[in-house]
Amino acid sequence: MSEKFIMVVDDDPDLVEAVSMKLESKQFRVAKAYDGEEAMEKLKGEKPDLVILDVMMPRKNGWVVCDEIKNNEATKNIVVVMLTAVGDAVQSTSYTHHDGKTTLADDYVPKPIDMDKLMEIVDDHLGA
Amino acid sequence: MSGRFARLYQEVDASVNQESVYLYQKLAADRINIVFLSLDFLRTPRQITCMVAPGAAPAAAGQDHDQGAAGLVSLFPHRFDPAAMAVVFSALGQKQIPWYAMASSGSMVTVVTDFAVQQQAAEALAEYVQLSPGHGPLRVQQDYDDIARRLKSAPETVAQYVEARIRTYGIAVKTGLKLCRIDFHSHEQVLLGRALEGLAADKAGFAYISANRAAEGQGHLAVALDPGQTPAHAPDIADHLSPALCSSRLEIRENVEMLCFHGPHFGDRYGIADKALGCLINAGIPVLLAGCVGATVSIIVPPGMAEPGVEALSTTFDRP
């Protein structure tokens, strides 16, 4: 099965744990971060294939983290899947959020997460 | 570490006053969010600790309930390892840092301390654990940035407050749990920490923990152990705890059950605890313990009551 590496970033530790356990059960390697700053710090040392990224987080929000990932030569190829409860703000996978700023996320999953749907999206992007 | 909250505490002697309005009910009626709840109905008096926004406290509960400024310190992920409890008891007991309540979620152990010693409590815990690189700062949590704050107050939260059925990530049930309730005095905390380390060394797993400290140094810890996560050959919890706490009382109930669920932004929304507990109580299902930590609600019920509990909760909470 897959040896792919995924980072889960959300300020809800219970959600991080639930998603991580699901990913680990599918043989993915998982790293965890609980806010945007921590995610960016970890991305300096680790290069996941895919980041599951919450939008509303303390210290640095998901929009900013996504921009930083996608505008950095070293990390721009990491697939970013946003988690958001503000589904209305999302029109497409390269969408415009409330600030009128285009993000470069590759996909999104509305909250509350349908875990099977999330796994499908992960598999689609990683070809697992 | 959380920001500053008000700690509210209520004791109810249900044998005397059966018409009591519980604190979580009052707060829900006043549309006040509970960011942390630890409820213990195992004995009389029944005890409830809630944390709410500071300005909300007097209007919601009356000055007699308001115990002053407090903060939350959370340790995660606990992976259901009693070592997380051991750290809390050992670290805070060693440094004699006062705390008032504790409860767990699916990944966190959260402790209520005075706001004035919150930083000290976080640093004491940090001495016992290995923090990951880039971890959140050991200081009072700052508010979300402008964009996040605006989003949180605009479509998302408002929309979810009015949803007819509250969305969840699913309702989990654990059965066959062994519930241990231990009375202790504050000077026994370090001993209790060591006993819990023994439990961790045996690779026992817990499903839920909660603790409350009442007046004059008295406190109690309730641990729902998950036999499914504990090796069959492991010594009984009583073997660990009784020698350490010979002066204390240990009560064990077999085969209790747990309902556990979490949903988006539950920690930011009022009325979740009231709805959950109301569903069960209206269905005649006794609640032994309950906790709201982060976005998770955990409820311990007597043997055989979890499945009816799921049915009762399903009248109000949506299951994917």
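Attention in this report is confined to the structure presented alongside it. The numbers attached to residues start from 1 for each chain and follow its sequence in the written order. To read the labels, note that chains go from A and ligands from 1, taken in the order they are written. Reporting in this predicted model follows two pLDDT cut-offs: at least 70 for local features of residues, and 80 or more for side-chain atom pairs to be given and counted; totals over whole chains, interfaces and linings ignore these cut-offs and use all residues. With hydrogens and water excluded, all non-hydrogen atoms of the structure serve as input to the side-chain values.

Let's shift gears to the overall build of chain B. Secondary structure counts use DSSP, requiring at least four H or I residues in a row for a helix and at least two E residues in a row for a strand, with both numbered from the N terminus. When helices and strands are counted, chain B shows 10 helices and 14 strands. Counting the 320 residues in chain B, one finds 56% classified as buried. When contacts within chain B are restricted to residue pairs at least 6 apart in sequence, long-range pairs at least 24 apart make up 78% of them. Here, Shrake-Rupley sampling with a 1.4 Å probe gives the accessible areas, and only protein chains in the shown set may cover a residue. Only carbon and sulfur atoms are counted for the fraction: they give 51% of the accessible area of chain B, which is about 13,000 Å². The buried label goes to any residue with under 20% of its type's maximum accessible area, the exposed label to any with over 50%, and the partly exposed label to all in between, with areas taken from a 1.4 Å probe on protein chains only. Two residues qualify as a contact provided that any one of their heavy atoms is within 4.5 Å of a heavy atom in the partner residue.

The next subject is the packing of aromatic side chains. Any pair of aromatic rings gets described here by the distance separating the centres and the angle formed by the planes. Residues and elements named next belong to chain B. Two rings from Phe, Tyr or Trp (for Trp, the six-membered ring) form a pair when their centres sit within 6.5 Å of each other. Planes less than 30 degrees apart are called stacked, planes more than 60 degrees apart edge-to-face, and all others tilted. Applying the stated criterion across every chain yields a total of 10 aromatic pairs over all chains. Chaining the aromatic ring pairs together yields one cluster made of Tyr22, Tyr24 and Phe41. By the criterion adopted, a ring carries a charge over it if an Arg CZ or a Lys NZ lies within 6 Å of its centre and within 35 degrees of its normal. Taking NZ or CZ as reference, Arg7 lies 3.5 Å from the ring centre of Tyr100, over its face. Its end group placed over the ring of Phe80, Lys174 keeps NZ or CZ at 4.3 Å from the ring centre.

All names here are of chain A. Two strands qualify as a pair provided that DSSP identifies no fewer than 2 bridges between them. Taking strand neighbours across the sheet as the criterion, the five strands line up as E2-E1-E3-E4-E5 in an open arrangement whose pairing is parallel. At either end of the open sheet lies a strand with only one pairing partner, and these are strand E2 (29-33) and strand E5 (107-110). Within the sheet, the average angular offset between the axes of one strand and its neighbour, ignoring direction, is 20°. Strand direction decides the pairing type here: strand E3 (residues 50-54) and strand E4 (residues 79-84), joined by five bridges, are parallel. Among the inter-strand pairings, Asp54 is bridged to a residue of E4, identified as Leu83. In this analysis an axis means a line fitted to C-alpha atoms, helices contributing only their contacting stretch, and an angle means the value between N-to-C directions, from 0 to 180 degrees.

One less than the residue count of a helix, multiplied by 1.5 Å, gives the span that helix is expected to have. Spanning 13 residues, helix H1 (residues 13-25) of chain A covers 18 Å between terminal C-alpha atoms, matching the ideal 18 Å at 1.5 Å per step. Turning to H1(A), its buried residues are Pro13(A), Asp14(A), Leu15(A), Val16(A), Glu17(A), Val19(A), Ser20(A) and Leu23(A).

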